[in-house]
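Examination of the molecular architecture
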Amino acid sequence: MELQFRATVIYWRGPAPFFYARIPTEIGAEIGKVKKAASYGWGVIPVEATINGITFTTSLFPKDDTYLLPLKQVVRNRLGVTADDEVDVEMTIGGGYVPLQFRD
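To start, this report covers the structure provided alongside it. (Residues numbered from 1 in each chain as written. Predicted model: local features only at pLDDT ≥ 70, side-chain atom pairs only at ≥ 80, totals over all residues. Heavy atoms only, no water.)

On to helix α1 (residues 25-32). Taken together, the buried positions of α1 are occupied by Ile27, Gly28 and Ile31. Take α1 and look down its axis: the buried residues cluster within an arc of 105°, on one side only. Contacts from the buried residues of α1 go to β1 (2-12), α2 (35-38), β3 (45-51), β4 (54-63), β5 (66-70) and β6 (86-93). (Buried < 20%, exposed > 50% of the residue type's maximum accessible area, 1.4 Å probe, protein only. Helix = DSSP H or I, 4+ residues; strand = E, 2+ residues; numbered from the N terminus. Arc of directions from axis to C-beta. Contact = heavy atoms within 4.5 Å.)

As structure tokens, then:
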């Protein structure tokens with residue numbers, strides 16, 4: 001599943017502070033339709049994402065009826081983004097990971 005969307009970068013002050021791109025709710029609903037097949041456990045979903053020509057792999061986290069796309073520090077530094085910035089994301093669900101039930 002390939003997706004394109006604009007997302008706002010948020011700062012999560014939890015026990016492990018981190019920055020995420022909050023996936024729009026309507027895109028989160030589309031992801032929710034394939035979450036059982038795409039997740040490797042705990043509700044996280046592997047993805048390959050590209051923002052401004054920078055491609056990286058990570059896993060989406062479910063949060064508040066949508067998902068959060070983690071933005072690693074090295075990615076944020078290369079992009080020059082921080083909290084409240086808008087980013088255009090191209091994302092592929094699976095990100096190269098193939099669940100066991102779909103492997104040949």
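To continue, consider the side chain of Ser59. Relative to the helices and strands, Ser59 is located in strand β4. For Ser59, the contacting residues outside a window of four places in its chain are Tyr40, Val44, Ile45, Pro46, Leu68 and Pro70.

Before going further, it helps to spend a moment on the sheet that holds β6. The 6 strands are arranged β1-β2-β5-β4-β3-β6 in a closed barrel whose pairing can be described as antiparallel. The mean angle between the axes of side-by-side strands here comes to 45°, regardless of whether they run parallel or antiparallel. Examined bridge by bridge, β1 and β6 share 7 bridges and lie antiparallel to one another. The partner of Thr8 across the bridge, within β6, is Glu86. (Pairing = 2+ DSSP bridges. Axes fitted to C-alpha atoms, helices over the stretch in contact; angles between N-to-C directions.)

Inspection of the secondary structure assignment puts Thr50 in strand β3. Residue Thr50 is classed as buried on the basis of its relative accessible area of 19%. At a separation of 2.7 Å, a polar atom in the side chain of Thr50 contacts the side chain of Thr55. Apart from residues no more than four positions distant in its own chain, Thr50 is found in contact with Thr55, Asp88, Val89 and Glu90. (Polar contact = N/O pair within 3.5 Å; in protein donor to acceptor, adjacent residues only side chain to side chain.)

A large share of β3 lies buried, amounting to 6 of its 7 residues. Joining the antiparallel neighbours β3 and β4 is a turn of 2 residues, in which Asn52 adopts a positive phi near 50°.

Below, the discussion takes up the nonpolar core. Membership of the largest hydrophobic core comes to 27 residues, with the highest contact counts inside it found for Ile23, Ile31, Leu60, Leu69, Met91 and Ile93. At the level of secondary structure, the elements contributing two or more residues to this core comprise β1, β2 (18-22), α1, β3, β4, β5, α3 (73-79) and β6. In this structure Ile31 touches Met1, Leu3, Ile23, Ile45, Leu60, Tyr67, Met91 and Ile93, once residues within four positions along its chain are discounted. (Core = buried A, V, L, I, M, F, W, Y, C linked by side-chain atoms within 4.5 Å.)

This part takes up the pattern of salt bridges. Tallied over the entire structure, the rule returns 3 salt bridges. The partner of Asp88 in a salt bridge is Arg6, and the shortest N-O contact between them spans 3.0 Å. Of this pair, Asp88 sits in strand β6 while Arg6 sits in strand β1; the two residues are 82 residues apart in sequence, bridging distant segments of the chain. Residue classification places Asp88 among the partly exposed positions, given a relative accessible area of 40%. For Arg6, a relative accessible area of 47% gives the class partly exposed. We note a salt bridge from Lys63 to Asp64, for which the minimum N-O separation is 3.8 Å. (Salt bridge = Lys/Arg side-chain N within 4 Å of Asp/Glu carboxyl O.)

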